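Notes for the structure review
These are the residues of each chain, in order.
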Amino acid sequence: MAHADVTLATGFWREGTRVRRARLHAPAPEQERLLFEEGEALLPAERVTLLLGHCAEIGGEAGADAARSLSAGDRVALLLELRRLIAGDALPCVLDCPWPDCRERLELDLHVRDLLPSADAHGPTYELEFRGERLVFRLPTGADEERAARIAVEHGPDAAVDQLLRACLPDPPPDPAPGADASSDPRPELAEALGAAIADADPHAEILLALRCPVCDRDGEVALDAASYFWRELEVRLARLDHDVHVLATRYGWSEAEILALSERRRARYLGLVELEPV
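First things first, this report covers the structure right here in the doc. Sequence positions are assigned chain by chain, starting from 1 and proceeding in written order. For this predicted model, a pLDDT threshold of at least 70 governs which residues receive local features, and a threshold of 80 or more governs which side-chain atom pairs are given and counted, while totals over whole chains, interfaces and linings are taken from all residues. Side-chain calculation: all heavy atoms of the structure are included, whereas hydrogens and water are not.

**Some thoughts on the side chain of Glu146**
Let me state the cut-off plainly: Comment: elements are numbered from the N terminus, with helices defined as DSSP H or I runs of at least four residues and strands as E runs of at least two. We call two N or O atoms a polar contact when they sit within 3.5 Å, provided that within protein one can donate a hydrogen and the other can accept it, with sequence-adjacent residues counted only if both atoms are side-chain atoms.
Tracing the backbone through its elements, the reader meets Glu146 in helix α6 (residues 142-155). Polar side-chain contacts of Glu146 include one of 2.4 Å to the side chain of Thr49. At 3.1 Å, the side chain of Glu146 and the side chain of Arg68 are in polar contact.

**Points about the layout of surface pockets**
Let me state the cut-off plainly: Grid points spaced at 1 Å and placed over the protein atoms alone form the basis of the search, with a cavity being a set where a 1.4 Å probe fits but cannot get out and a pocket an open set showing protein on both sides within 12 Å along at least five of seven lines. Lining residues have an atom within 4 Å of a point. Grid points are joined across faces, edges and corners, and a volume is the space filled by probe spheres set on the points. Charged means Asp, Glu, Lys or Arg here, nonpolar means Ala, Val, Leu, Ile, Met, Phe, Trp, Tyr, Cys or Pro, and polar covers whatever is left, Gly included.
In this structure, the largest pocket occupies an estimated 1,000 Å³ of space. Considering the residues around the largest pocket, the lining is formed by 34 residues, among which Ala72, Glu145, Leu164, Ala205 and Glu206 are closest to the centre. Looking at the lining of the largest pocket residue by residue, the class counts come to 27 nonpolar, two polar and five charged. For the lining of the second largest pocket, the secondary structure elements donating two or more residues are α1 (29-39), α4 (72-87), α9 (226-252) and α11 (264-276). Considering each element in turn, the lining of the second largest pocket owes the most residues, seven residues, to α9. Here the residues of the lining of the second largest pocket sort into 14 nonpolar, one polar and seven charged.

**Describing the packing of aromatic side chains**
We apply this condition: What counts as a ring pair is set by centres within 6.5 Å for rings of Phe, Tyr and Trp (its six-membered ring), and what kind of pair is set by the plane angle: stacked under 30 degrees, edge-to-face over 60, tilted for all other angles. Relative accessible area decides the class of each residue, using a 1.4 Å probe on protein chains only: under 20% of the type maximum gives buried, over 50% gives exposed, and in between gives partly exposed.
Counted according to the given criterion, the structure contains five aromatic pairs. Between Trp254 and Tyr270 the ring centres are 5.0 Å apart and the planes differ by 80 degrees, which places this aromatic pair in the edge-to-face class. Of this pair, Trp254 sits in the loop between α9 and α10 (256-261) while Tyr270 is found in helix α11, placing the two residues 16 residues apart along the sequence. Note on Tyr270: relative accessible area 25%, which makes it partly exposed.

**Describing the sheet that holds strand β3 (residues 56-58)**
To keep it simple, the criterion reads: One bridge is not enough; two strands pair if DSSP finds at least two bridges between them. Any pair of residues with heavy atoms lying within 4.5 Å of one another is described as a contacting pair. The convention used is that axes are lines fitted to C-alpha atoms, helices contributing only their stretch in contact, and that angles between N-to-C directions extend from 0 to 180 degrees.
Pairing in this open sheet of four strands is antiparallel, and the strands run β1-β2-β3-β4 from one edge to the other. At either margin of the open sheet sits one strand with a lone partner, and together these are β1 (3-14) and β4 (61-62). Across the face of the sheet, helix α2 (residues 44-55) comes into contact with β2 (17-25), β3 and β4 while running at roughly 80 degrees to β3. Running over the sheet, α4 touches β1, β2 and β3 and is turned about 175 degrees from β1.

**Digging into the nonpolar core**
What counts is decided by this rule: For our purposes a nonpolar core is just a set of buried Ala, Val, Leu, Ile, Met, Phe, Trp, Tyr and Cys residues, chained together by side-chain atoms within 4.5 Å.
By size, the foremost hydrophobic cluster in this structure holds 34 residues, and its most contacted members are Ile58, Leu78 and Leu79. Here this core gets nine residues from one element, more than from any other, and that element is α9. Dropping the residues within four chain positions of it, Ile58 is found in contact with Leu8, Phe12, Arg14, Arg21, Ala22, Ala66, Ala67, Leu70 and Leu78. Judged by nonpolar contacts, the second largest core, of 19 residues, contains Leu95, Leu209, Val222 and Tyr229.

**Here's the deal with the environment of Phe230**
For Phe230, the location among the structural elements is in helix α9. The sequence separation of Phe230 and Leu80 amounts to 150 residues, and the corresponding C-alpha distance is 8.0 Å.

**Focus: the pattern of salt bridges**
Under the convention used in this document: We define a salt bridge as a contact between a side-chain nitrogen of Lys or Arg and a carboxyl oxygen of Asp or Glu at a distance within 4 Å.
On inspection of all chains with the given rule, the structure shows 24 salt bridges. Two residues, Arg14 and Glu61, come together in a salt bridge whose shortest N-O distance is 3.5 Å. On the criterion of sequence distance, the pair formed by Arg14 in strand β1 and Glu61 in strand β4 is long-range, its members being 47 residues apart. With its nearest N and O atoms 3.1 Å apart, the salt bridge here joins Glu146 to Arg68. Residue Glu146 is found in helix α6, and its partner Arg68 is found in helix α3 (residues 64-68); the two are separated by 78 residues along the sequence. Three or more residues are tied together by salt bridges with common partners; here these are Glu81, Arg84, Asp89 and Arg113.

Right under this line is the structure:
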């Protein structure tokens with residue numbers, strides 16, 4: 001089974017020690033199918049936890065709790081590393097021009113190595129200046145992302161933002177007194193400031209691609225959703241595998257288990273022979 005050792009850009013802290021080592025294991029085809037079937041009913045953040053929980057050892061620990069302990073940026077980076085382990089470094093993308101009056105379909109040839117973050121030498125907490133005070137915050141973890149995603153579905157995005165704010169700020173400003181003027185509520189402004197500070201501290205939580213559209217000749221930014229990209233590619237790969245199993249089982253009478261036991265290269269050779277046969 002293919003594997004790769006990865007150094008996390010941010011890592012997490014365990015008993016005063018920063019943990020940054022992770023090992024990825026490429027899933028076998030039958031495991032890919034089980035993960036996909038289990039993840040179909042999950043939200044994107046939960047799918048990332050599912051994938052990393054099965055395919056990554058973080059500081060020697062595996063499972064969902066280990067995947068949830070990572071920062072959002074480390075989770076994206078590990079997902080990209082896992083995709084490179086499974087399918088290689090090239091990352092072809094088809095995106096829309098960000099300008100609403102253009103929306104031209106653009107084909108980009110990206111590489112995983114160019115998207116991975118460099119190491120962060122920061123400690124477990126960060127500081128944010130807000131209304132003359134310095135507030136301490138931490139980066140959102142996978143657990144925070146999952147919780148916020150569920151709250152957004154059940155109670156709306158504002159409730160999810162409020163949950164993240166409370167989770168990442170151990171000592172937030174007090175809520176306004178009952179009956180106070182709504183303009184005195186610091187939370188909307190604080191949420192915006194905290195979001196900007198987190199984006200600066202953990203830039204790979206959201207990967208923004210700077211590009212120039214060759215049609216409208218304007219510069220813009222497009223977000224690369226690594227989780228959605230990985231999941232769509234997994235769906236396509238499994239559909240192709242279903243086709244391969246069907247063709248080889250029909251032609252040779254092999255069982256699904258026997259076909260899946262073949263390497264991808266050997267399956268391709270047999271499929272090539274089937275295609276050469278006269279109709």
